[in-house]
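Now for the letters of each chain:
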Amino acid sequence: MTTFKSMPVTGWGRYPVVTSDVFRPEGPRAVREILGERHHPALIARGYGRSYGDAALNTDRGVISGEKLDRFLSFDEKTGV
């Protein structure tokens, strides 16, 4: 079972503040586990929380943080993909 921490979450403007269950996966396998466990009715992806709006807030539900997903898995120099 993947662990999460229930905590306050905000955007860049620090308003509004909502409580969400925040998952911090460290790779694609962990993301698949979170999505496969289905213990939250709704999950939303979140980057670094630099939005002035509430785009990455999910009150009383799950948030998958991308903070630790900050590296390339592969890169093809010829195609740029």
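On a predicted model such as this, the values are computed, not experimentally measured, just so you know. (Residues numbered from 1 in each chain as written. Predicted model: local features only at pLDDT ≥ 70, side-chain atom pairs only at ≥ 80, totals over all residues. Heavy atoms only, no water.)

Some words on the packing of aromatic side chains
Note the cut-off: Working definition: a ring pair exists when centres of Phe, Tyr or Trp rings (six-membered ring for Trp) sit within 6.5 Å. Plane angles under 30 degrees give stacked, over 60 give edge-to-face, the rest tilted. Under the DSSP-based scheme used, a helix requires at least four consecutive residues in state H or I and a strand at least two consecutive residues in state E, with every element numbered from the N terminus. Residue exposure (1.4 Å probe, protein chains only): buried if accessible area is under 20% of the type maximum, exposed if over 50%, otherwise partly exposed.
Tallied over the entire structure, the rule returns two aromatic pairs. Judged by centre distance (5.1 Å) and plane angle (50°), the rings of Phe4 and Phe23 are tilted. Within this pair, whereas Phe4 is found in the segment before strand 1 (5-9), its partner Phe23 is found in strand 2 (residues 18-23), the two being separated by 19 residues in sequence. By relative accessible area, Phe4 is classed as partly exposed at 33%. Of the residues examined, Phe23 reaches a relative accessible area of 1% and is grouped as buried.

Regarding the sheet that holds strand 2
Note the cut-off: Here the rule is simple: two strands pair whenever DSSP picks up at least two bridges between them. Orientation is described by axes fitted as lines to C-alpha atoms, over the contacting stretch for helices, and by angles from 0 to 180 degrees between their N-to-C directions.
If you trace the four strands from one edge of the open sheet to the other, you get 1-2-4-3, paired in mixed fashion. Two strands bound the open sheet, and with one partner strand each, they are strand 1 and strand 3 (43-46). Across this sheet, the average inter-strand angle for adjacent strands is 45°, counted without regard to direction. As paired strands, strand 2 and strand 4 (residues 62-65) are joined by three bridges and run parallel to one another. Its bridge partner lying in strand 4, Phe23 is registered against Ile64.

Things to note about the pairing of strand 2
Residues in a regular strand project their side chains so that they alternate between the two faces of the sheet. Among the six residues in strand 2, five count as buried, and that is most of the element. Summarising the sheet, strand 1 and strand 2 pair through five bridges and their orientation is antiparallel. Its bridge partner lying in strand 2, Ser6 is registered against Asp21.

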